[in-house]
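# Analysis of the macromolecular model
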Amino acid sequence: MTEEHLLKGWEEFEAGAILYSFDGSSHHINNSIQHSVADWRAEKPVFNEEHCIHCQFCWVYCPDTSIISKDKQFDHIDYVHCKGCGICVDVCPTNPKSLVMFTEQTTNDEAIRNWPAKDTKKDA
Amino acid sequence: MSDIKQIKNLKDFSTSVERFQGGHRLCPGCSHSIIVREMLNATDDNICVSTATGCLEVCTAIYPYTSWDLSWIHIGFENAAAAISGTEAMYKALQKKGRPHSDKPTKFVAFGGDGGTYDIGFQSLSGAVERGHDFIYVCLDNEGYMNTGGQRSSSTPIGGATTTSPAGKVSYGEKRLKKDMVQIMAAHGCEFVAQVAPSKWKDLVKKTQRAYQASGPVYINAVSPCPTEWKFAPEKSMEICDLAVDSCVFPLYQIEDGHKVTVTYKPKVKKTVEEYCAAQGRFKHLFRPEFSHVIEDWQKRVDATWEYLLKREEAGI
Ligand code: SF4
Ligand code: SF4
């Protein structure tokens, strides 16, 4: 697959054109991981290490393979493939949550400074 | 026969090498990819996948991209099972000739939506199972043709509003009962048939690993809550999934050798069909007084099915 092909839309291929197979060197394989879906997001999840118990619920339930774990620990969020669905926040069991949705414009440092306090109603 | 991958807890599970990548175009919060990830991560063996036309297929294979780090084949809407059975037969034939070489066993898995399974792909599925190919067929059941704008399928439950069974002043939506695919596939004499839910990952992984060990056809029905057409917020996917299971609308059970029923999850506190419906926009109209009988009748049917499953389990027949 050449650069030129990648820029072509499906409707721009001539009838009967040969579409190249995905076989061959890694240069020819176009894994969707090369495609960013970050612009689908209105809000992003932010991670706060302080409260995390590394239960991996967020890892198993992320539909976009965007919670990256290493050595059985939460490692980071892949913001190129996260669509901002919010499932990871919903399933996070800690109090306060270790993942919270913030607007795209908020920096992660700002988000951590404005982290919600422990929800005392929940314990009661 | 291959070794079963050791997955004692989520921490173990999280060390899996992902073979389903991000960057696909499924809606935010779609359960399809959660199910696929859990199933692929349940083994380290080679996997060969075929998919029927549907959300999963169109969103993970937009030319020139693929989200699958494994062998993958797609032919048409109606023949995911035929495609995988042909692939499996070819693999066996080549193995007899000493090809292809791999130190790991290869598993064959077909994914179809309920449209590609309950309706359009039914004959090829039935045929492939009858011929006894060694494969797992997984139905990602979101109860309608969601890829084309949410039309009804034979999996849509009674009372559900879809674009071809709309609810209105006189109509309460879908008029027909949902087809019971799990029982139909058990009646084919499959070695193993099961219903799973992605929110119960442990149960799903256990059943999937049992399926990978089977030497004949296996059918797995996976409930796949769809934020877009079931009409709920994307972050609620797993909560809706838990509601489906806890209300016993989607009971988690398995059938071995066509008859031996085991209920694998019994909710501590049973939820009601009303609670399940209230969480989804597609059942909103059922809360009007004139349509309340739909939920009442549905609850009776769910209770009866649950009783039946428990009795079958107890009797061991
Ligand atoms: S769900 Fe929450 S506590 Fe568990 S690993 Fe993820 S961030 Fe940490
Ligand atoms: S917001 Fe959704 S897509 Fe993003 S990391 Fe969380 S679960 Fe994954």
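Throughout what follows, the structure given in this document is the object of discussion.

What counts and how
Residues numbered from 1 in each chain as written. Chains lettered and ligands numbered in written order. Predicted model: local features only at pLDDT ≥ 70, side-chain atom pairs only at ≥ 80, totals over all residues. Heavy atoms only, no water. Core = buried A, V, L, I, M, F, W, Y, C linked by side-chain atoms within 4.5 Å. Buried < 20%, exposed > 50% of the residue type's maximum accessible area, 1.4 Å probe, protein only. Contact = heavy atoms within 4.5 Å. Pairing = 2+ DSSP bridges. Helix = DSSP H or I, 4+ residues; strand = E, 2+ residues; numbered from the N terminus. Axes fitted to C-alpha atoms, helices over the stretch in contact; angles between N-to-C directions. Expected span 1.5 Å × (residues − 1).

Of all hydrophobic cores here, the largest spans 110 residues; its most connected members are B:Trp68, B:Phe111, B:Leu125, B:Phe135, B:Tyr137, B:Tyr219 and B:Tyr276. Contact partners of B:Trp68, with chain neighbours within four places excluded, come to B:Arg19, B:Phe20, B:Val36, B:Leu40, B:Val49, B:Thr51, B:Leu56, B:Thr60 and B:Phe111. Ranked by size, the runner-up nonpolar core spans 5 residues in total, among them A:Val46, A:Phe102, A:Ala111 and A:Trp115.

Residues and elements named next belong to chain B. The sheet built from 8 strands is open, its strands ordered β2-β1-β3-β4-β6-β5-β7-β8 with mixed pairing. Every interior strand has two partners, whereas the edge strands, β2 (71–74) and β8 (260–263), have only one. For this sheet, the mean inter-axis angle between neighbouring strands, taken without regard to orientation, is 15°. Bridging between strand β1 (residues 46–51) and strand β3 (residues 106–113) involves 6 bridges; their strand directions are parallel. Bridged to Val-49 within β3 is Val-109. Against the sheet, helix α12 (residues 292–315) contacts β7 (253–256) and β8, and its axis sits at roughly 120° relative to β8.

Here we take up helix α8 (residues 201–213) of chain B. Turn by turn, an α-helix covers 3.6 residues, leaving residues three or four places apart pointing in a common direction. Residues and elements named next belong to chain B. In a regular helix each residue adds 1.5 Å, so 13 residues correspond to 18 Å; α8 covers 18 Å between its end C-alpha atoms and thus fits that length. With 10 of 13 residues buried, α8 is to be regarded as a mostly interior element. Those residues of α8 that fall on the buried side of the exposure criterion are Trp-201, Asp-203, Leu-204, Val-205, Lys-207, Thr-208, Gln-209, Ala-211, Tyr-212 and Gln-213.

Structural measurements only, silent on function.
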